[in-house]
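Here is what each chain is made of, one letter per residue.
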Amino acid sequence: TDYNDLYCLFTLVQFTKAGQFFSSGHTNNWAVLVCTSRFWFNYRHVANTLSVYRSVKRLGIPDSHIVLMLADDMACNYRNPKPATVFSHKNMELNVYGDDVEVDYRGYEVTVENFLRVLTGRLPPSTPRSKRLLSDDRSNILIYLTGHGGNGFLKFQDSEEISNMELADAFEQMWQKRRYNELLFIIDTCQGASMYERFYSPNLMALASSQVGEDSLSHQPDLAIGVHLMDKYTFYLLEFLEEVHPASQANMNDLFKVCPQSQCVSTPGHRTDLFQRDPGSVLITDFFGSVRKVEITKDTINLTSPVEPPIQRSGSGDIQIESLTYVDQLPVAEIIHQKPKQKDWHPPDGFILGLWTLILLVFFQTYGIKHLKHIF
Amino acid sequence: LDSRLPLVDRSDGTKDSESFTAAAARDQFQEELVIRPLHSGDIYASFQFRTLWDIDFLQERQKVSHYRLFPKSLGQVLSKFSVRELHISFTQGFWRTMQWGQPFIPSPPGAELWVWFHDTVSDVDGNWKELTNVLSGIFCASLNFIDLTNTVQPSASFKPLGLGNATDHRFLRYATLPREIVCTENLTPWKKLLPCGSKAGLSVLLKSEKLFHSSFHSQAVHIRPVCQDEQCTSKAWELRQTLNVVFDLYTSSQGKKEWSLFKMFSRTLTEACPLATSSKIYVDITDNPELFELNPVTPLLSQAVVLGDRRTYSVFDLTRAETFGQLCSLNLLLRWKGDSGMNVFDGCDMLRPLLHAERYVAGFGLQTGEIHTVIYNNHPYRAFPVLLMDSVPWYLQLYIHTLTVTSKSRDNKPSYIHYQPAKDRHRPHLLEMLIQLPPHSMTEVTVQFERALLKWTEYTPDPNHGFYVGSSVVSALVPSMVAMNTNFTQDQPLFSSFVPVKEESSYFVRVYTEPLLVNLPTPDFSMPYNVICLTCTVVAVGYGSFYNLLTRTFQVDEPSLPLEKRLANLIRRIRGVPLLA
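Residues numbered from 1 in each chain as written. Chains lettered and ligands numbered in written order. Predicted model: local features only at pLDDT ≥ 70, side-chain atom pairs only at ≥ 80, totals over all residues. Heavy atoms only, no water.

Per an unreviewed UniProt entry, chain B carries the name GPI transamidase component PIG-T-like and comes from Sinocyclocheilus anshuiensis.

For chain A, the name recorded in an unreviewed UniProt entry is GPI-anchor transamidase, with Sinocyclocheilus anshuiensis as its organism. Per UniProt, chain A carries the Subunit (unreviewed entry) text "Heteropentamer. Part of the GPI-anchor transamidase complex, consisting of PIGK, PIGT, PIGS, PIGU and GAA1. Interacts with GPAA1. Interacts with PIGT; this interaction, via a disulfide link, stabilizes the expression of GAA1 and PIGK and links them to PIGS." (UniProt positions renumbered as here; feature names shortened; annotations may be inferred.)

So, about the interface of chain B and chain A. Taken residue by residue, the interface counts 72 residues in chain B and 51 residues in chain A. Regarding the contact of chain B and chain A, the summed buried area is about 5,400 Å², with carbon and sulfur atoms giving 57% of it. Inspection of the region where chain B meets chain A yields four salt bridges. For the salt bridge of E185(B) with R106(A), the shortest nitrogen-to-oxygen distance reads 2.8 Å. Between chain B and chain A we count 19 residue pairs in polar contact (both at pLDDT 80 or more) in total. (Contact = heavy atoms within 4.5 Å. Buried area = accessible area lost by both parts, 1.4 Å probe. Salt bridge = Lys/Arg side-chain N within 4 Å of Asp/Glu carboxyl O. Polar contact = N/O pair within 3.5 Å; in protein donor to acceptor, adjacent residues only side chain to side chain.)

Counting across every chain of the model gives four disulfides over all chains. There is a disulfide in this structure between C259(A) and C264(A), and the S-S distance comes to 1.7 Å. The disulfide joining C259(A) to C264(A) has a torsion of about 100 degrees about its S-S bond and is therefore right-handed. By the burial criterion, C259(A) is buried, and C264(A) matches it. Here C227(B) connects covalently by a disulfide to C232(B), the sulfurs 1.8 Å from one another. Here the disulfide of C227(B) and C232(B) is left-handed, its torsion about the S-S bond being about -55 degrees. Residue C227(B) shares its accessibility class with C232(B), and that shared class is buried. No disulfide involves C536(B); its sulfur sits 7.2 Å from the nearest other cysteine sulfur, which is in C533(B). (Disulfide = S-S within 2.5 Å. Buried < 20%, exposed > 50% of the residue type's maximum accessible area, 1.4 Å probe, protein only.)

With that out of the way, let us pick up the side chain of H65(A). In this fold, H65(A) is placed in the loop between α2 (43-58) and β2 (66-70). Reaching out from H65(A), the side chain makes a polar contact with the backbone oxygen of N29(A) at a distance of 3.0 Å. (Helix = DSSP H or I, 4+ residues; strand = E, 2+ residues; numbered from the N terminus.)

Moving on, we get to the sheet that holds strand β10 (residues 269-271) of chain A. Residue and element names in this part refer to chain A. Read across the sheet, seven strands follow the order β3-β2-β1-β4-β8-β9-β10 without closing on themselves; strand pairing throughout is mixed. Across the chains shown, the open sheet's two edge strands, defined by having one partner strand only, are β3 (105-106) and β10. As paired strands, strand β4 (residues 139-146) and strand β8 (residues 182-188) are joined by seven bridges and run parallel to one another. Each residue of the ladder has a partner; that of Y144, found in β8, is I186. Each of β4, β8 and β9 (204-208) touches helix α5 (residues 232-243); the most contacted strand, β8, lies at about 130 degrees to it. (Pairing = 2+ DSSP bridges. Axes fitted to C-alpha atoms, helices over the stretch in contact; angles between N-to-C directions.)

Take the pairing of strand β4 (residues 43-53) of chain B next. The side chains of a regular strand alternate between the sheet's two faces. All names here are of chain B. Counted residue by residue, β4 has eleven buried out of eleven residues, so it is predominantly covered. Residues I43, A45, F47, F49, T51 and W53 of β4 are buried on one face, and the alternating residues Y44, S46, Q48, R50 and L52, pointing to the opposite face, are buried as well. Here eleven bridges tie strand β3 (residues 27-37) to β4, and the two strands are oriented antiparallel to one another. Paired with E32 across the two strands is Q48, which belongs to β4. Connecting β3 to the next strand, β4, in antiparallel fashion are five residues, including G41 with a positive phi near 100 degrees. Relative to strand β10 (residues 235-247), β4 runs antiparallel, the two being bridged by eleven bridges. Each residue of the ladder has a partner; that of R50, found in β10, is R240.

All names here are of chain B. Most of strand β18 (residues 368-377) sits out of view: seven of its ten residues are buried. What sits between strand β17 (residues 355-362) and β18 in their antiparallel hairpin is a turn of five residues, with G363 showing a positive phi close to 110 degrees. Note: β18 against strand β24 (residues 441-451), ten bridges, orientation antiparallel. Bridging across to β24, N377 finds its partner in S441.

Attention shifts here to the nonpolar core. It is characteristic of soluble globular proteins that their nonpolar side chains tend to be buried jointly. In this structure, L50(A), L184(A), L255(A), F288(A), F117(B), L269(B) and I281(B) are the most contacted members of the largest nonpolar core, which totals 164 residues. Formed jointly, this core draws a minimum of three residues from each of two domains, domain 1 (28-336) and domain 2 (355-487 + 498-518) of chain B. Setting aside its immediate chain neighbours within four residues, L50(A) contacts L68(A), L70(A), V86(A), V96(A), Y97(A) and V101(A). (Core = buried A, V, L, I, M, F, W, Y, C linked by side-chain atoms within 4.5 Å. Domains from an automatic or database assignment.)

Now for the UniProt feature "transmembrane region" (unreviewed entry) in chain A. Residues annotated by UniProt as "transmembrane region" (unreviewed entry) correspond here to residues 350-369 of chain A. Regarding residues 350-369 of chain A, the helix share stands at 90% and the strand share at 0%, and the terminal C-alpha atoms are separated by 25 Å.

A few words on the environment of F384(B). All names here are of chain B. Among the structural elements, F384 can be located in strand β19 (residues 384-392). Under the relative-accessibility criterion, F384 is labelled buried at 2%. A sequence separation of 54 residues divides F384 from P438, and the C-alpha atoms of the two residues are 7.1 Å apart. Ignoring anything within four residues of it in the chain, the contact list for F384 reads L354, L355, N377, H379, I435, Q436, L437, A476, L477, V478 and P479.

In structure tokens:
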């Protein structure tokens, strides 16, 4: 009976593991990474966003599931001494721009309106797929914002701002439309903790690089490039993420310990009260990676025989015998004798009508109405 | 290539490959790279990748669903929007015609998109708007900023480069975004459209770190219907992806006049693209013995007449294994000899471009200005007409009554003028003129403008940078010194078969001028905040003091009572009895 009990226990354990396997919360991962600053001296914000992009791509989220918004171009900026590169470490050790980056919103397209439209999904119908956040109620979304911010707001491109209330409302809209399963919000700006103070939707976890009243500081300048390359919080976050691989079991408690005050000078904060699971049981790869659960089967499947494409051209050589010609690139004679474009006829507008009425009125005033019958 | 077709085992045991032959071998892919050393020591490399496909997207009854070499994303775009021709280019830098000659495929700085729609389209503007959005997703560029305020319909320029007869310019749309930046994020989807991606063939050389560290970089996609064969009885769709890059002597080569594939692209070639029917490198060796030496030398030579000039090329055929030699890799080396490269102009008239244009803004202040376009005809004795197309945004209000065209300090009346005035916030100005350029002369076109005041929401986040005005386009049939080849052959090199040649004595060329950067009167956006602060401070300090002076009264304060008297007052207050002093 001991062996029976052990056997039962063994199958029970297996069953719970299998149960856990099939009852996990999310089926797909999305990431929205936004850099909100313009101008060359804000190089570090672009480098921040690109380093998170790099980690997220390395851990498995494909480009089609990443919405990357960069407010200015640093890589091919004329002031960049090494074009097509964005470095995160001084002495140009790590190029976070890479060779196969795909930026979805760039330059002037990064506005508060576009950001909120991406989050809530209310985009014009002609928006291409790569610019949409097509998440569903089983998606885990990572949102990363960086730039210049203050107590309760984040500045977009030096001309507009988003407030923490707007952000909280956007997340509530997403929750009501079932656009996420769980959401991790990371912000690296000055007084970043103020941005997540107002959240009220469930299943949100937030991290910020500094508390209200504190500034987030930048890390190291590079003398060849001439600007600061990264912010402290994201620099240590990148170092932490470089250790993570798709099968790692690191959880959120490790993420909360990234960049303590001794390293960061500001105090990073986090908020987990809206999150239903215990942060210790949430894996880093639940948000940063795209770990798919694979079911292995040993059954054989019969493939149907391939469909043959229909033979399309059947003796069409007889139809067109006359040869086609290329168009003349600069037909001078034709251009000179080109008829002017037929303009649509518009009825005369008020000014012309008024002018003619005035002329007629003056005429009849001067010459008297009795001449009218001679004219008509 | 036929041996690579899949053989299908049918269930009745017969192998059948004929049914696939009809469908599979109807598209072919060719790639080529042309390297032309320039006299200043720079080097010009031009990649062309061409996919030719015998299919007609525009026939409704045939739904195309099987894509092989032709990229599916572009095929779906063509059929959905009934596109007859599509030309899109992304350029970083400006092509210096006087120093580098004429490019094989010209392009203006920024992004340029021009499209001919099929004449069955009823709503061209709607199709155009959706097309720009779809292309902005495909190429990761902000092409969605193209709207009616920067789109024009040229009436005589930009005739279709492909097959066709009727050209009603209602179906043509042209737009340019001079501010558009080109970077790796545009190169990545462009490379993904190639059949071999960036894994094999010439496309392995496309490394972004080297390509963008250059004086000029331009990548383009051209789709048009072409003749399928010499008889030209049926159409085929041609997709050309071109990439032109000019590497600068000082930034890429540290001042040493020695170029190699490894130095230019940071790698060598190891194989041709297996899907390509032809994969060739052409090196322009017309100036070979005096100027530079080429290593490895190849016996294959080819002569081609391109841009009115007969040039000799050394051909390296990558589909042959012996091109790669013992080391299985091909690295071309061009070494300049002695001091012969020090003179920028050898005085050879062949190199001097016959048509050249410049443009600049004159005037001072933020109210008015003048646009000057200068066109040079460097031919010693022939005059020829050019078509100048100018598209100016609505916020530079042109005064066409001040338009002057002068050649050799005499008035030159254009034989054709098409002007469409701008509508504020709806349409830009369009000015097209056919001007006859006298031989060996400079023609100047000037027009005055006034700057408009934009609404405060219409300014970009960095308005002090200025506003861009797109390049002017000068199209001309330039008389050629050498007879051009009007025959269409299948094995013509790609760089000489881009523009269709109709007559032998002239070749078609398009020259783009510089874009202009104009400062508009910019309001001080911090003004409302500053005014509110100042006003409130003045009001608080001034009015507050005045109010106090007028209404404040002073009262004598009694000294405070000892404790027992205060307690007694408290009890008295409760009782309602008058208080002690």
